[in-house]
Amino acid sequence: MFVNPSSSLAEKSTTDLFDQSTLSDLAQRLVEAARRAGADAADAVAVRGVSQGVEVRDGRVEESERSEGDDVGLRVLVGQRQAVVSTNDVSGDGIAKLAERAVAMARVAPDDKYVGFADPALLARDFPALDLLDRNVPSTAELERRATEAEAAALAINGVTKSGGASASSGIGGMVLVTSTGFHGSYLRSSQGISMTAISGEGTGMERDYDFTSALHASDLATPASVGRKAAERAVARTNPRKVETCKVPVVYDPRVANSLVGHLVGAINGASIARKTSFLKDRLGQQLFASNIRIIDDPLRVRGLRSQTFDAEGVKVKKTALIDEGVLTTWLLDCATARELGMVTTGHAHRGVSSVPSPGAYNLHLEPGSATPKELIADIKQGFYVTDLIGSGVNGVTGDYSRGASGFWIENGEITYAVSEVTIAGHLLAMFKSLVAANDLEFRYGVNAPTLRIEGLTLGGR
């Protein structure tokens, strides 16, 4: 949806934007209608999404976009049968009709012995303040200023030949959950971001790189100028990349790609994969996967965390959890259904959209920092590879085999030297986890965060 650049979220009534009472009332009425229609149990989610964004190229606004909407989803149980319906229109007698349709669908659905709602004893009762909402919504003019400033800073760096575009965005999102078992909870959070893509070189020798910043509160964003400069410096550093011979070397992951390794672990310990027996870690619970000084934390209660919330999509209380503690795998990520299938108890990791049943997922993840600086981490590497960008998704979650296209920089005698492109990194995740060493430069910039990481003996596929 394209809009006049003069309109913005900031011009929408803040009462309308931040007030979820209408959504709460709607969810409550849906649950009540489902019970009247014959459901044994029901829950309703109402989701709010409001966003605006501006894209700038060569100092001019190329696109200004805004969207907003409230959507609702109803899940009903009839015995051990389950159905989910969703809509963004419940005007007139829409609530009753939606509930009747959901119950009718559930009655003809197959039995599933694992479906069911959370034990009431597990439901969240306290909702700590996590400071998720910045009530100062930026205007479209402010977003344009941020994007323009980021681009100007990038173009001012010597060696940058073109702009790949800069953007700035903001939004408000939230959810209300009501269940027939007595849970009623809601959250609302803001989001803001700035990004820049810079291009160096000419013709077939052009290289591009990027930087971005995202946060719930504007005060936590990096400055637009710093985003632009970093994108530019990265693009210039990649100019005239070389090829390297195939070899087996230590590989050091820059923090912006190191977090992908945490992502591979978390995907493999998702309860849905464990229940289906499609994870290479399916028999590894309680085993040592990393060195004893490695801890990987999932923290849904981090103040101003990008993925923070006080309850999961089934109303279960959430908590900070060490997924890896002293190198040992401590838990799966479970919702109620996968927990029942595995003979366990939910870990409060249910996520859900309006048109889907709950499924497990993580919150704010980070790998705790080590003691060495990044420079110390590479000091003894005679020949190695420092990876700054990964391409493709060549990771097999069933076997643990790892193969990713990559670009970055060659390490020679403990120093980062020339740019390298068009290589492949290959190994096995179990061996990679075992040799992983963390630097001390952890920053909380993304939903998944990790410091600089070093892994031994990976195969670098070159020419």
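Residues numbered from 1 in each chain as written. Predicted model: local features only at pLDDT ≥ 70, side-chain atom pairs only at ≥ 80, totals over all residues. Heavy atoms only, no water.

Draft legend 1. Representation of the sheet that holds strand β1 (residues 41-57) within the structure. If you trace the 6 strands from one edge of the open sheet to the other, you get β3-β2-β1-β4-β5-β6, paired in antiparallel fashion. Strand pairing shows two members of the sheet lacking a second neighbour, β3 (81-87) and β6 (207-215), which therefore form its edges. Within the sheet, the average angular offset between the axes of one strand and its neighbour, ignoring direction, is 20 degrees. Sheet topology places β1 next to strand β2 (residues 60-78); 17 bridges connect them, and they run antiparallel. Bridge pairing in β2 places Val-54 opposite Ser-64. Along the sheet, helix α5 (residues 224-237) makes contact with β4 (160-179), β5 (184-200) and β6, crossing β6 at roughly 155 degrees. (Pairing = 2+ DSSP bridges. Helix = DSSP H or I, 4+ residues; strand = E, 2+ residues; numbered from the N terminus. Axes fitted to C-alpha atoms, helices over the stretch in contact; angles between N-to-C directions. Contact = heavy atoms within 4.5 Å.)

Draft legend 2. How the structure looks around the side chain of Glu-151. Residue position: Glu-151 is located in helix α4 (residues 140-155). We note that Glu-151 is buried and unpaired, the nearest opposite charge coming from Arg-57 at a distance of 6.5 Å. Setting aside chain neighbours within four positions, we find Glu-151 in contact with Val-56, Arg-57, Asp-58, Gly-59, Ser-163, Ala-166 and Met-196. (Buried < 20%, exposed > 50% of the residue type's maximum accessible area, 1.4 Å probe, protein only. Lys, Arg positive; Asp, Glu negative; His and termini not counted. Salt bridge = Lys/Arg side-chain N within 4 Å of Asp/Glu carboxyl O.)

Draft legend 3. Here's a closer look at the pairing of β2. Once β1 ends, the chain turns through 2 residues before running back antiparallel as β2, passing Asp-58 with a positive phi of about 55 degrees. Bridging between β2 and β3 involves 7 bridges; their strand directions are antiparallel. Bridge pairing in β3 places Leu-77 opposite Gln-82. Between the antiparallel neighbours β2 and β3 lie 2 residues, among them Gly-79 with a positive phi of about 65 degrees.

Draft legend 4. Examining the sheet that holds strand β8 (residues 296-298) more closely. Reading across the sheet, the 5 strands line up as β10-β9-β8-β13-β18 and stay open at both edges, with mixed pairing between neighbours. Either end of the sheet is taken by a strand with one partner, and the two such strands are β10 (328-329) and β18 (448-449). Where β8 meets strand β9 (residues 321-325), 3 bridges bridge the pair, whose relative direction is antiparallel. Opposite Ile-296, over in β9, you have Ile-324 as the bridge partner.

Draft legend 5. Structural detail: the environment of Leu-130. The topology assignment puts Leu-130 in the loop between α3 (94-107) and α4. Accessibility expressed as a relative area gives 7% for Leu-130, which makes it buried. In this structure the C-alpha to C-alpha distance between Leu-130 and Arg-57, which are 73 residues apart in sequence, comes to 36 Å.

Draft legend 6. Spotlight on the packing of aromatic side chains. Enumeration over the complete set of coordinates arrives at 7 aromatic pairs. Positioned over the ring face of Tyr-210 is Arg-256, at 4.3 Å from the centre of the ring. (Phe/Tyr/Trp six-rings, centres within 6.5 Å; stacked < 30°, edge-to-face > 60°. Lys NZ or Arg CZ within 6 Å of the ring centre and 35° of its normal.)

Draft legend 7. A look at helix α6 (residues 255-268). Under the 1.5 Å per step criterion, the end-to-end length of α6 is 21 Å for 14 residues, consistent within 8% with the ideal 20 Å. Taken as a whole, α6 has its buried residues at Arg-256, Val-257, Ala-258, Asn-259, Ser-260, Leu-261, Val-262, His-264, Leu-265, Val-266 and Ala-268. (Expected span 1.5 Å × (residues − 1).)

Draft legend 8. The arrangement of the pairing of β9 in detail. Here β9 lies mainly inside the structure; 4 of its 5 residues are buried. Note that β9 and β10 share 2 bridges and pair antiparallel. Looking across to β10, one finds that Ile-324 is bridged to Leu-329.

Draft legend 9. Representation of the nonpolar core within the structure. Tyr-253 and Ile-425 are the most contacted members of the largest nonpolar core, which totals 50 residues. At 7 residues, the largest contribution of residues to this core is made by α6. Once you skip the residues sitting within four places of it in the chain, Ile-425 turns out to touch Val-251, Tyr-253, Phe-385, Val-387, Leu-390, Tyr-402, Ser-403, Arg-404, Ala-406, Leu-458, Thr-459 and Leu-460. Counting residues in hydrophobic clusters, the runner-up holds 26 residues, among them Ala-27, Ala-33, Leu-74 and Ala-106. (Core = buried A, V, L, I, M, F, W, Y, C linked by side-chain atoms within 4.5 Å.)

Draft legend 10. Spotlight on the packing of helix α2 (residues 21-36) against α3. Put simply, α2 and α3 touch, their axes get as near as 8 Å, and they point 50 degrees apart. The pairing of α2 with α3 is recorded here as oblique in orientation. Crossing angle aside, the handedness with which α2 passes α3 is right-handed. Residue-level contacts link Leu-26, Arg-29, Leu-30, Ala-33 and Ala-34 of α2 to Ile-95, Leu-98, Ala-99 and Val-103 of α3. Of the residues contributing to the contact of α2 with α3, the split by class is 8 nonpolar, no polar and 1 charged. (Parallel < 35°, antiparallel > 145°, perpendicular 65-115°, else oblique. Left-handed = near helix turned anticlockwise from the far one by under 90°. Nonpolar A, V, L, I, M, F, W, Y, C, P; charged D, E, K, R; others polar.)

Draft legend 11. How the structure looks around the confidence of the model for the protein. Averaged over all residues, the pLDDT of the protein equals 93, while 97% of them reach at least 70. This stretch, residues 1-12, has a pLDDT under 50; its non-local contacts, to residues over four places away or in other chains, come to 30 contacts. (pLDDT = per-residue confidence, 0-100.)

Draft legend 12. View of the packing of α4 against α5. Viewed as axis vectors pointing N to C, α4 and α5 meet at an angle of 40 degrees, and their least axial separation amounts to 7 Å. As α4 runs across α5, the sense of the crossing is right-handed. Residues Arg-146, Glu-149, Ala-150, Ala-153 and Ala-154 of α4 lie in contact with α5, whose contacting residues are Pro-224, Ala-225, Gly-228, Arg-229 and Ala-232. Taken together, the residues that form the contact of α4 with α5 break down as 6 nonpolar, 1 polar and 3 charged.

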